[in-house]
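Notes for the structure review
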Amino acid sequence: MAVRGLVVGATLICAMVVICYGEVKLSELSITLSRAEHGSKRADLLARVGKITVTWALNKSNADTSKYSKVTFKLCYTKASQIDRPWRKTEDELFKDKTCQHEIATKTYTSSENSVDYVVLKDVPTGHYFIRAYVVDAAGTKVAYGQIDGVDLFITAITGRHVSIDIAAATFSAFSIVSLAFFFYLEKKKSK
């Protein structure tokens, strides 16, 4: 019985070590993808309207790409959008990293130049972004990446307020004040 408890305990300790120290770090990944530049260094986009075209290719011709299975593109917050926002904090360990929270697309990896179009989703918050591409193997482990630092994507989120909502709010506010005054007048008249 003691041996069984020792084996279970050793297995749990090994599992905890793998969980804590077995995660991939961004600094350990090789930078093998590049993105072609498209014109300006700043792009202002609106949620549900703005469109991004991401073009990628292999950066190093001598890189070992035999493990590459898929490429995942993500919108990542720049340093300007991380100030005073710990929920967007950059960490070297990828399971702790909160920089890249919005997925653009996942495509099958090919070594030739490829592109993908992305219309900004309505739940993307206002901020400055850049694009990072992660290369994953068949098991889903990140093995390489590439990112764009030269282009500032400023995305303006949907606020949810329209002119019609403002007009309705003003109308109902005015109606409530008139109703209050009318019922106040009726109460005064009844009391006399």
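Model, not experiment: these values are computed from the prediction.

In this structure's numbering, the residues bearing the UniProt feature "transmembrane region" (unreviewed entry) are residues 167-186. This span, residues 167-186, is 100% helix and 0% strand, and a straight line between its end C-alpha atoms measures 29 Å.

A few words on the state of the cysteines. Considering all chains together, one arrives at one disulfide under this definition. With its sulfur 1.9 Å from that of its partner, C76 forms a disulfide with C100. In this structure the cystine formed by C76 and C100 twists about its S-S bond by roughly 100°; its chirality is therefore right-handed. In this pair, C76 sits in strand β5 (residues 70-77) while C100 sits in strand β6 (residues 100-108), placing the two residues 24 residues apart along the sequence. The residues C76 and C100 share a single accessibility class, namely buried.

Under the counting rule described, the total for this entry stands at three aromatic pairs. Note on Y77 and Y129: the rings are 5.0 Å apart at their centroids and 35° apart in plane angle, and the pair reads as tilted. Residue Y77 is located in strand β5, and its partner Y129 is located in strand β8 (residues 127-136); the two are separated by 52 residues in the primary sequence. Side by side, Y77 and Y129 carry an identical accessibility label, which is buried.

Time to look at the side chain of D97. Take D97: it is sitting in the loop between β5 and β6. With relative accessibility at 13%, the residue D97 sits in the buried group. Among the polar contacts listed, one links the side chain of D97 to the backbone nitrogen of E91, at a separation of 3.1 Å.

Before going further, it helps to examine the pairing of strand β10 (residues 152-156). The alternating pattern of β10 places L153 and I155 on a buried face, while none of D152, F154 and T156, on the opposite face, is buried. Bridging between β8 and β10 involves three bridges; their strand directions are antiparallel. When the bridges of β10 are listed, G127 appears paired with I155.

With that out of the way, let us pick up the pattern of salt bridges. Here the structure, examined in full by the defined rule, presents four salt bridges. Of the charged contacts in the structure, one is a salt bridge between K51 and D117, with a shortest N-O distance of 3.8 Å. With K51 in strand β4 (residues 51-58) and D117 in strand β7 (residues 114-119), this residue pair connects regions lying 66 residues apart in the sequence. Accessibility expressed as a relative area gives 48% for D117, which makes it partly exposed. Its salt-bridge partner being E93, residue K96 comes within 3.2 Å of it at the nearest N-O pair.

Conventions and cut-offs
Residues numbered from 1 in each chain as written. Predicted model: local features only at pLDDT ≥ 70, side-chain atom pairs only at ≥ 80, totals over all residues. Heavy atoms only, no water. UniProt positions renumbered as here; feature names shortened; annotations may be inferred. Helix = DSSP H or I, 4+ residues; strand = E, 2+ residues; numbered from the N terminus. Disulfide = S-S within 2.5 Å. Buried < 20%, exposed > 50% of the residue type's maximum accessible area, 1.4 Å probe, protein only. Phe/Tyr/Trp six-rings, centres within 6.5 Å; stacked < 30°, edge-to-face > 60°. Polar contact = N/O pair within 3.5 Å; in protein donor to acceptor, adjacent residues only side chain to side chain. Pairing = 2+ DSSP bridges. Salt bridge = Lys/Arg side-chain N within 4 Å of Asp/Glu carboxyl O.

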